[in-house]
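# Inside the fold
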Amino acid sequence: MKIFPITAFAVALCAGASAQAGWQGWYLGAELGDQDFSADWSTEQFYEPNGDPFAPGPDSKESLDDSGVVAGLYVGQNFEFSARWVTGWELHLTKASQDDEANRIPGFIPGGDSSIEVEAGNEASVLGRLGYLATPKLLVFATLGVSARDFEATTRCNGDGDFCNPATGLQENTEDGYETGWVMGVGLEALLTDKLSARLDYRRADYGSFDVSGMSPNQDRFGVDAEVEAETDTLSAGVSYSF
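All of the points below concern the structure found in this document. (Residues numbered from 1 in each chain as written. Predicted model: local features only at pLDDT ≥ 70, side-chain atom pairs only at ≥ 80, totals over all residues. Heavy atoms only, no water.)

### Notes on the overall build of the chain
- Along the backbone of the chain there are one helix and ten strands.
- By residue count, 44% of the 243 residues in the chain fall in the buried class.
- Per element, the accessible surface of the chain, about 11300 Å² overall, is 57% carbon and sulfur. (Helix = DSSP H or I, 4+ residues; strand = E, 2+ residues; numbered from the N terminus. Buried < 20%, exposed > 50% of the residue type's maximum accessible area, 1.4 Å probe, protein only. Areas by Shrake-Rupley, 256 points an atom, 1.4 Å probe, with all protein chains shown as cover.)

### Some points on the layout of surface pockets
- Each pocket or cavity is described by its volume, and for the largest pocket that value is around 160 Å³.
- G22, W23, N78, L191 and S242 are, among the 18 residues lining the largest pocket, the residues nearest its centre.
- Mapped onto the lining of the largest pocket, the elements with two or more residues apiece are β1 (25-47), β8 (171-191), β9 (196-215) and β10 (223-242). (1 Å grid on protein atoms, 1.4 Å probe; cavity = no way out; pocket = protein on both sides within 12 Å on 5 of 7 lines; lining within 4 Å. Points joined across faces, edges and corners; volume = space filled by probe spheres on them.)

### Examining the packing of aromatic side chains
- Summed over the entire model, instances satisfying the criterion amount to 13 aromatic pairs.
- A ring pair is formed by Y27 and Y74, whose centres lie 6.4 Å apart and whose planes are at 70 degrees; its orientation type is edge-to-face. Taken as a pair, Y27 in strand β1 and Y74 in strand β3 (residues 61-80) lie far apart in primary sequence, 47 residues in all. Pair check on accessibility: Y27 and Y74 agree, each one buried.
- Taken together, a centroid distance of 6.3 Å and an interplanar angle of 35 degrees make the contact between F37 and F151 tilted. In this pair, F37 is assigned in strand β1 and F151 in strand β7 (residues 138-157), connecting sequence segments 114 residues apart. Each member of the pair, F37 as well as F151, is classed as buried.
- Of note, R129 hangs over the ring of F141, and the distance from its end group to the ring centre comes to 4.6 Å. (Phe/Tyr/Trp six-rings, centres within 6.5 Å; stacked < 30°, edge-to-face > 60°. Lys NZ or Arg CZ within 6 Å of the ring centre and 35° of its normal.)

### Considerations on the side chain of E189
- In this fold, E189 is placed in strand β8.
- Only 2.6 Å separates the side chain of E189 from the side chain of S197, close enough to count as a polar contact. (Polar contact = N/O pair within 3.5 Å; in protein donor to acceptor, adjacent residues only side chain to side chain.)

### A closer look at a nonpolar patch on the surface
- The grouping of W26, L28, F79, W89, L91, L93, V126, L196, V239, Y241 and F243 at the surface amounts to a nonpolar patch, some 990 Å² of accessible area in total.
- The element that contributes the greatest number of residues to the nonpolar patch is strand β4 (residues 85-95), accounting for three residues.
- Considering the arrangement of structural elements, one finds V239 in strand β10.
- Take V239: its relative accessible area is 40%, and that puts it in the partly exposed class. (Patch = residues over 30% accessible without salt bridge, like charges linked within 9 Å, V, L, I, M, F, W, Y side chains within 5 Å. Salt bridge = Lys/Arg side-chain N within 4 Å of Asp/Glu carboxyl O.)

### Here we look at the state of the cysteines
- For the coordinates displayed, the defined rule picks out one disulfide.
- A disulfide bridge connects C157 with C164, and the sulfur atoms are separated by 2.0 Å.
- Its relative accessible area of 4% is what places C164 among the buried residues. (Disulfide = S-S within 2.5 Å.)

### Brief notes about the pairing of β3
- Inspection of the sheet shows β1 paired to β3 by 18 bridges, in the antiparallel sense. Directly across from G33, in β3, lies its bridge partner V70.
- Pairing between β3 and β4: ten bridges, direction antiparallel. Following the sheet pairing, G72 is matched in β4 by T94.
- Joining the antiparallel neighbours β3 and β4 is a turn of four residues. (Pairing = 2+ DSSP bridges.)

### What about the environment of P136?
- For P136, the location among the structural elements is in the loop between β6 (114-135) and β7.
- For P136, a relative accessible area of 45% corresponds to the partly exposed category.
- The spacing of P136 and R84 is 52 residues in sequence and 7.9 Å in space, taken between C-alpha atoms.

### A word on the pattern of salt bridges
- Applying the stated rule across the entire model yields 13 salt bridges.
- One salt bridge in this structure joins R199 and E90, with 2.5 Å as the shortest N-O distance. A residue pair is termed long-range when its members are at least 10 positions apart, and R199 in strand β9 and E90 in strand β4 qualify at 109 residues. The exposure classification of R199 matches that of E90, with both residues buried.
- Where R156 meets E117, a salt bridge forms, and the shortest distance between an N and an O atom there is 2.8 Å. A residue pair is termed long-range when its members are at least 10 positions apart, and R156 in strand β7 and E117 in strand β6 qualify at 39 residues.

Interpretation note: all reported values are geometric properties and have no functional meaning in isolation.
Shown next, in the form of structure tokens:
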């Protein structure tokens, strides 16, 4: 995760907070950051071309990971309920794309020229927020909420003669859908003017596990079912305008 530019932003954030203003009300912001994505693939079951099941071999797991830039918009509302405490909520819409692949189908023996790939796409999350005013212009906050993320899981077989019939050429199956999970985080936010604020924000999302029907068996190939566990870690900087 690329922390040095964002750390510099945090120093500037604390040093640059300059205007006396309240935290109450609506705001709209934009954020840019770095996200680490990890997915653990576990093959659960193989199938003979005739549909009969058989267990995977001992090496049936694969860890996939990637990192990249993410950008998004957020909207929220703050409520000051004491001299030091602020609560509220936020909606985040994040543009992202991370993926990784392995040049095998885990647990299949003898192996063959096949592969798996998991991609994490766009995300939407709704967060509750609770913050403490370290100074009238600097808010230390924690977030907790729910995230929905677009995932694609692809199984490919290049007609390798082991998993698929060589005469059929490339065969692949992709499952695409949104998975939900919890997200939690911490951050700092500083008032820069009576309308502008800047923040540094860390969030961790855990989407649990979801089932993948990698390929269904037929006369030209074996079949496979798997389970994928996915998580993300995001460090971002943002600027918002209150209205």
